[in-house]
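Below are the chains, spelled out letter by letter.
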Amino acid sequence: MFTFSDDQQALIEAARATAQAELAPTVKADDEAELFRKDLFQRLGAAGLCGVPTAEQWGGLGLGYVEYALVIEEIAKVAPAYAVAVAVSGLPQVTLAQFGNDEQRARWMPGLAAGELLGAFALSEPGSGSDAGSLRTTAVREGNTYRLNGTKFWITHGGYADVYVVMARTGGPGPKGISAFLVPAGTPGLSFGKKEEKMGLRASPTVEMILEDAVIPVENRIGNEGNGFLVAMSALDSGRITIAATALGISQAALDCAGRYAVARKQFDQAIIDFQAVGFMLADMAVRIEQARLLTHKAAWLKDQRMPFSHIAAMAKCAATDCGMSVTTDAVQVLGGYGYTREYPLERLMRDAKVMQIVEGTNQVQRVVIARHLKRGWD
Ligand SMILES: Cc1cc2nc3c(=O)[nH]c(=O)nc-3n(C[C@H](O)[C@H](O)[C@H](O)COP(=O)(O)OP(=O)(O)OC[C@H]3O[C@@H](n4cnc5c(N)ncnc54)[C@H](O)[C@@H]3O)c2cc1C
């Protein structure tokens, strides 16, 4: 838990080398152009990085979430949008591993794990974000098919993905009326609307998804009717570990950039790192990162041990993403005026860090999860 095995160290180094070789050359330009390159994602897949925790039987590396978190942190140090791509494309994999049947696994998991296929996860809607149980997209059973109608919002990889896990209402109001479905790209009636113009994570496409009489076979339902909310929440529990890992990568990259600058930059005839005010700022950043990393790895380890991990994953998500925002903000400060320019990556990392406090359950919602867990222990 506190040190890495030789195999884990080798995985970290492989992920680092791949991210440097494949993602570093275009990360700045792609942020400015708001460009997602599916071929880069596929190259991460070719290097074995898109199915780390997926069983070997289904095309993955068959490792745990600890290894998954390590890989995602390395990718995020270079290009957070692609760490998110790996994390989001992992959501259909973890969903099918837990709730799918063997036909669905055989159809989708090997391609997703190899990065040949890109996955997406469609829960949010214009009127339902944190309150996901109130979603309004409908799936009406007609013999051996379901007819889907509704609008999904904020869909990462919308229009780029090969398969979407879609939550839709098959029953009455509330979470118990929701079911989960696999909707392949190209399904008639599936289309995409507005692409969001975002503050950060600009190389990751966030798109409106429209379902107008989209008909899918009944075999595309994941699990039973009415368990879609459980499917979604289980996927997001695991997803929070990957968002935490992404925030760790962003934080570490910002600290390394600020630290190197503080050693090289001289004012008043001395390196600015030797001003205690600057050195302590860097020390505090390192403390916050180390704390958040320990929590993230603990959440991943608990999941790998098949022990309850939701509340620790929620803590890790809060700690790591709050750390991401504060560390990137302080890193800009360490560089002074240069930190505020696009010459250095810090303003981009700061913009990328912000969204981590919002996605896969806002940090307020994580605190609701943690408080509820604590209350149960005190009842
Ligand atoms: C870049 C990006 C990518 C995304 N990708 C996806 C995706 O791939 N798939 C998908 O389904 N969704 C995706 N989302 C949606 C994301 O999950 C939602 O934005 C998030 O869950 C918050 O929902 P909301 O934006 O509707 O905010 P709201 O739920 O309206 O929240 C607004 C504010 O109210 C607070 N709030 C709400 N409820 C409570 C409460 N009970 N207690 C305390 N405070 C509360 C929130 O914390 C927040 O500060 C993405 C969003 C972004 C920005």
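Residues numbered from 1 in each chain as written. Predicted model: local features only at pLDDT ≥ 70, side-chain atom pairs only at ≥ 80, totals over all residues. Heavy atoms only, no water.

(A) Broad picture of the overall build of the chain. A tally of regular secondary structure across the chain gives eleven helices and ten strands. Against the 2.2 N^0.38 benchmark of 21 Å for 379 residues, the chain shows a C-alpha radius of gyration of 21 Å, consistent with a compact globule. If you line up the chain on its principal axes, its C-alpha atoms span 80 × 50 × 40 Å. Put simply, the chain has 379 residues, and 54% of those count as buried. (Helix = DSSP H or I, 4+ residues; strand = E, 2+ residues; numbered from the N terminus. Rg over C-alpha atoms; globule rule 2.2 N^0.38 Å. Buried < 20%, exposed > 50% of the residue type's maximum accessible area, 1.4 Å probe, protein only.)

(B) View of the side chain of Lys 317. On the secondary structure map, Lys 317 appears in helix α9 (residues 310–334). Of the side chains bearing the opposite charge, Asp 322 lies closest to the buried Lys 317, which forms no salt bridge; the N-O distance is 7.5 Å. A distance of 3.0 Å separates a polar atom in the side chain of Lys 317 from the backbone oxygen of Val 359. In this structure the side chain of Lys 317 is engaged in a polar contact, spanning 2.8 Å, whose partner is the backbone oxygen of Gly 361. Contact partners of Lys 317, with chain neighbours within four places excluded, come to Arg 240, Ile 243, Ala 244, Met 356, Gln 357, Ile 358, Val 359, Glu 360, Gly 361, Thr 362, Asn 363 and Gln 366. (Lys, Arg positive; Asp, Glu negative; His and termini not counted. Salt bridge = Lys/Arg side-chain N within 4 Å of Asp/Glu carboxyl O. Polar contact = N/O pair within 3.5 Å; in protein donor to acceptor, adjacent residues only side chain to side chain. Contact = heavy atoms within 4.5 Å.)

(C) The pairing of strand β5 (residues 178–184), seen in detail. Counting buried residues in β5 gives six out of seven residues, a clear majority hidden from the surface. Strand direction decides the pairing type here: strand β4 (residues 163–169) and β5, joined by seven bridges, are antiparallel. If you follow Arg 169 over to β5, its bridge partner there is Ile 178. In terms of strand pairing, β5 meets strand β8 (residues 221–222) through two bridges, oriented antiparallel. The residue bridging Phe 181 from the neighbouring strand is Arg 221, located in β8. (Pairing = 2+ DSSP bridges.)

(D) Quick look at the domain arrangement of the chain. According to the domain assignment, the chain consists of domain 1 (6–117), domain 2 (120–226) and domain 3 (230–378). Once you take the C-alpha centre of each, domain 1 and domain 2 turn out to be 22 Å apart. Contact residues are listed per partner, giving 24 residues for domain 1 and 23 residues for domain 2. Here domain 1 meets domain 2 over a buried area of about 2000 Å², counting both sides, of which 66% is carbon and sulfur. When the buried area of domain 1 at its contact with domain 2 is split by residue, Glu 34, Phe 36 and Trp 108 rank highest and sum to 31% of it. The closest approach of N and O atoms between Asp 31 and Arg 202, which form a salt bridge, is 3.8 Å. The interface formed by domain 1 and domain 2 holds eight residue pairs in polar contact (both at pLDDT 80 or more) in total. Looking at the side of domain 1 that touches domain 2, the elements that each hand over two or more residues are α2 (27–33), α5 (80–99) and α6 (102–113). If one sorts the elements of the side of domain 1 that touches domain 2 by residue count, α5 sits on top with eleven residues. Tallied by class, residues from the side of domain 1 that touches domain 2 come to 14 nonpolar, four polar and six charged. (Domains from an automatic or database assignment. Buried area = accessible area lost by both parts, 1.4 Å probe. Nonpolar A, V, L, I, M, F, W, Y, C, P; charged D, E, K, R; others polar.)

(E) View of the site of the ligand. In the neighbourhood of the ligand, 18 residues make up the surrounding shell, with Phe 121, Ser 124, Ser 130, Trp 154 and Thr 362 lying closest. Separating an oxygen atom of the ligand from a side-chain N or O atom of Gln 364 is a distance of 2.7 Å. Spatially, the ligand is embedded in the largest pocket. Counting residues per element, the ones that place at least two in the shell around the ligand are β1 (119–122), β3 (145–156) and α11 (363–378). Broken down by element, the shell around the ligand gets its largest block of residues, three residues, from β3. Broken down by class, the residue content of the shell around the ligand amounts to nine nonpolar, seven polar and two charged. Both domains that furnish three or more residues to the shell around the ligand are identified here as domain 2 (120–226) and domain 3 (230–378). (Near = heavy atom within 4 Å. 1 Å grid on protein atoms, 1.4 Å probe; cavity = no way out; pocket = protein on both sides within 12 Å on 5 of 7 lines; lining within 4 Å. Sits in = over half its atoms within 2 Å of the grid points.)

(F) Highlighting empty space enclosed by the protein. Counted by the stated rule, this structure contains two cavities of 30 Å³ or more. By volume, the largest cavity amounts to about 100 Å³. Along the walls of the largest cavity sit 15 residues, with Val 27, Asp 31, Ala 79, Ala 81 and Ala 203 positioned nearest its centre. Going through the elements one at a time, α2, α5 and α10 (346–356) are the ones with two or more residues in the lining of the largest cavity. In the lining of the largest cavity, the residues fall into nine nonpolar, one polar and five charged. When residues of the lining of the largest cavity are assigned to domains, at least three map to each of domain 1 (6–117) and domain 2 (120–226). Counted as a void, the second largest cavity has a volume near 40 Å³. As for the second largest cavity, its lining consists of Tyr 65, Tyr 68, Ala 87, Gly 90, Leu 91, Val 94, Ser 238, Gly 239 and Thr 242. Those elements giving two or more residues to the lining of the second largest cavity turn out to be α4 (65–78), α5 and α7 (228–264). Ranked by residues supplied to the lining of the second largest cavity, first place goes to α5 with four residues. Its residues placed into classes, the lining of the second largest cavity shows five nonpolar, four polar and no charged. (Points joined across faces, edges and corners; volume = space filled by probe spheres on them.)

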